[in-house]
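Summary of structural features
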Amino acid sequence: MVSTEGVTSCVLEAVLSHLLLSCALLFAAVAAICWYIRDSRTVDGLGRKCVFITGCDSGFGNLLARRLDRKGVRVIAACLTEEGAAALAAAASPALRTLLLDVTDSRRVARAAQVVRAEVGERGLWGLVNNAGRAVPIGPTEWMQKEDFDRVLDVNLVGVIDVTLRLLPLLKRARGRVVNVASVLGRLSLVGGGYCLSKWGVEAFSDSLRYQAGCSRVHPRICLTGCRLLPLPRRDMHHFGIKVSIIEPGFFKTAVTRLDLIEADLKRLWTRLPAHVRDSYGATYCDDYIKSQEFSMNLLCSSDLSKVTGCMEHALTARFPRTRYGAGWDAKLLWIPLSYLPSFVSDRFTSALLPSYGHK
Ligand SMILES: NC(=O)c1ccc[n+]([C@@H]2O[C@H](COP(=O)([O-])OP(=O)(O)OC[C@H]3O[C@@H](n4cnc5c(N)ncnc54)[C@H](OP(=O)(O)O)[C@@H]3O)[C@@H](O)[C@H]2O)c1
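The notes below deal with the structure included here. Values in this document were obtained by computation on a predicted structure and should not be read as measured data.

Let us now look at the overall build of the protein. Check the secondary structure of the protein and you find 12 helices and 9 strands. Looking at the protein residue by residue over its 360 residues, the buried ones come to 35%.

Structure follows, in structure tokens:
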């Protein structure tokens with residue numbers, strides 16, 4: 001027989017547990033709404049702000065330049081080629097200014113910084129988007145020579161550092177934004193060559209720009225570590241009001257992922273290898289590698305570049321920009337979650353994408 005007290009306590013327990021669940025759901029809903037409102041707030045006076053973007057001949061940089069220009073932002077778009085600059089100028093309003101810039105040429109970077117200084121004056125530079133990049137040579141590490149690494153690292157990493165350092169005084173003046181384009185390959189090294197290294201480097205450079213690891217004598221805040229008092233790490237650029245964001249796109253259809261260019265370069269690397277190295281992979285390895293790469297790229301590459309430029313725009317115009325933006329479904333649902341799993345899981349996954357080695 002069930003006692004009255006037993007029934008009462010069961011009912012009470014059910015009500016209480018539902019009450020807790022309801023409270024938790026209500027709290028989550030309120031937190032989500034607050035986050036959404038905070039995330040949607042934008043900065044004032046966009047029309048008076050100036051943004052400098054590298055690599056605007058094509059792809060994300062080109063689209064971002066045109067979109068910001070349409071919103072009334074003053075854009076200085078750096079292009080690698082005269083044709084790229086002319087095409088962009090024709091597609092944009094007369095307010096958009098183009099200039100030629102190869103980010104690997106330090107003298108040109110210094111000259112570009114002078115042009116930007118003259119353009120922005122005392123107001124300073126609101127936004128710097130380090131977007132210029134290249135992927136090839138990309139492929140198995142053993143197929144590379146040191147120069148192959150240099151060619152990619154010089155653009156994707158050293159170029160980013162050079163441009164940022166030159167423009168930092170102008171960004172400090174405006175208490176502006178730095179937006180660095182990394183990649184999901186800055187979290188997972190799925191392929192050899194300089195590309196993944198450069199994007200890991202961009203992540204590290206951006207983080208170090210945002211906060212200076214270590215201690216600062218002048219920082220007033222302190223924390224307790226055991227029984228010692230230690231100054232908290234100081235946010236490097238945050239101190240000057242500069243906000244640094246990292247964009248981590250998945251795979252998108254642009255010149256960087258053009259399969260014909262990547263494949264032609266892979267064949268060049270393969271034929272350059274000594275015969276005994278080619279033998280160790282097997283005669284058909286290069287073709288198999290190209291086929292499996294084609295398969296995964298065709299499956300993953302999105303043609304909606306606005307997913308990436310939307311993140312860049314948010315980083316430039318939101319009152320509270322995010323530190324990291326994963327762009328694209330593959331980045332959000334596959335690569336970024338995979339990067340948090342133990343290495344043996346990502347290793348298994350990566351090797352499943354590659355053809356098998358050995359003689360056939
Ligand atoms: N597409 C993707 O799936 C993907 C994914 C993750 C990250 N990203 C990154 O997104 C950024 C933009 O790439 P994208 O996909 O839009 O490809 P893209 O169309 O090739 O854009 C890259 C731009 O950088 C320019 N560039 C190349 N070398 C340069 C140099 N030395 N100095 C200055 N500019 C240079 C290119 O000029 P030319 O067109 O004249 O060569 C091009 O305008 C890159 O940093 C890339 O690594 C792309």
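Turning next to helix H4 (residues 106-120). With 15 residues, H4 ought to run about 21 Å at 1.5 Å a step, and its terminal C-alpha atoms sit 21 Å apart, in line with that. Those residues of H4 that sit buried are Val-109, Ala-112, Ala-113, Val-116 and Val-120. Within H4, the buried residues cover an arc of 105 degrees as seen down the axis, which keeps them to one side. Across from the buried face of H4, at angles greater than 90 degrees, the exposed residues are Arg-107, Ala-110, Gln-114 and Ala-118. Positive phi shows up at Gly-121, right after H4, with a value of about 60 degrees.

Around the ligand, the surrounding shell holds 28 residues, and the nearest of these are Gly-55, Gly-59, Gly-133, Thr-254 and Ala-255. Split into classes, the residues belonging to the shell around the ligand amount to 12 nonpolar, 13 polar and 3 charged.

Time to look at the nonpolar core. Membership of the largest hydrophobic core comes to 79 residues, with the highest contact counts inside it found for Val-51, Ile-53, Ala-65, Ala-77, Leu-125 and Ile-247. Of the residues forming this core, the biggest block, 8 residues, is contributed by helix H5 (residues 146-174).

Turning to the packing of H4 against H5, a few remarks are in order. In contact at an axis separation of 10 Å, H4 and H5 are set at 25 degrees when each is read in the N-to-C sense. On the basis of their axis angle, the class for H4 and H5 is roughly parallel. Crossing geometry of H4 relative to H5 is assigned as right-handed. On the side of H4, the interface is formed by Ser-106, Val-109, Ala-110, Ala-113, Val-116, Arg-117 and Val-120, while H5 contributes Asp-162, Val-163, Arg-166, Leu-167 and Leu-170.

Moving on, we get to the environment of Ala-318. The residue Ala-318 is located in the loop between helix H10 (306-317) and strand E9 (324-327) in this model. Of the residues examined, Ala-318 has 18 C-beta atoms within 10 Å and is grouped as partly exposed. Excluding residues that lie within four positions of it along the chain, Ala-318 makes contacts with Asp-39, Arg-41 and Thr-42.

The next point concerns the pairing of strand E8 (residues 243-249). Burial analysis of E8 places 7 of its 7 residues in the buried class, the great majority of the element. By the alternation rule, side chains of E8 split into Lys-243, Ser-245, Ile-247 and Pro-249 and Val-244, Ile-246 and Glu-248, which are all buried. Two strands pair when backbone bridges link them, and strand E5 (residues 177-181) and E8 are joined in this way by 5 bridges, in the parallel orientation. Its bridge partner being in E8, Val-178 is matched across the sheet by Val-244. In terms of strand pairing, E8 meets E9 through 4 bridges, oriented parallel. Residue Glu-248 lies in a different strand from E9, and its bridge partner there is Gly-326.

This paragraph deals with the sheet that holds E8. The strand order across the open sheet formed by 7 strands is E3-E2-E1-E4-E5-E8-E9, and the pairing between neighbours is parallel. A single partner strand is all that each edge strand has here, and the edge strands are strand E3 (97-100) and E9. With direction set aside, neighbouring strand axes in the sheet form an average angle of 15 degrees.

Calculation notes
Residues numbered from 1 in each chain as written. Predicted model: local features only at pLDDT ≥ 70, side-chain atom pairs only at ≥ 80, totals over all residues. Helix = DSSP H or I, 4+ residues; strand = E, 2+ residues; numbered from the N terminus. Buried ≥ 20, exposed ≤ 12 C-beta atoms within 10 Å, placed from the backbone. Expected span 1.5 Å × (residues − 1). Arc of directions from axis to C-beta. Near = placed C-beta within 6 Å. Nonpolar A, V, L, I, M, F, W, Y, C, P; charged D, E, K, R; others polar. Core = buried A, V, L, I, M, F, W, Y, C linked by C-beta atoms within 7 Å. Axes fitted to C-alpha atoms, helices over the stretch in contact; angles between N-to-C directions. Parallel < 35°, antiparallel > 145°, perpendicular 65-115°, else oblique. Left-handed = near helix turned anticlockwise from the far one by under 90°. Contact = placed C-beta atoms within 7 Å. Pairing = 2+ DSSP bridges.

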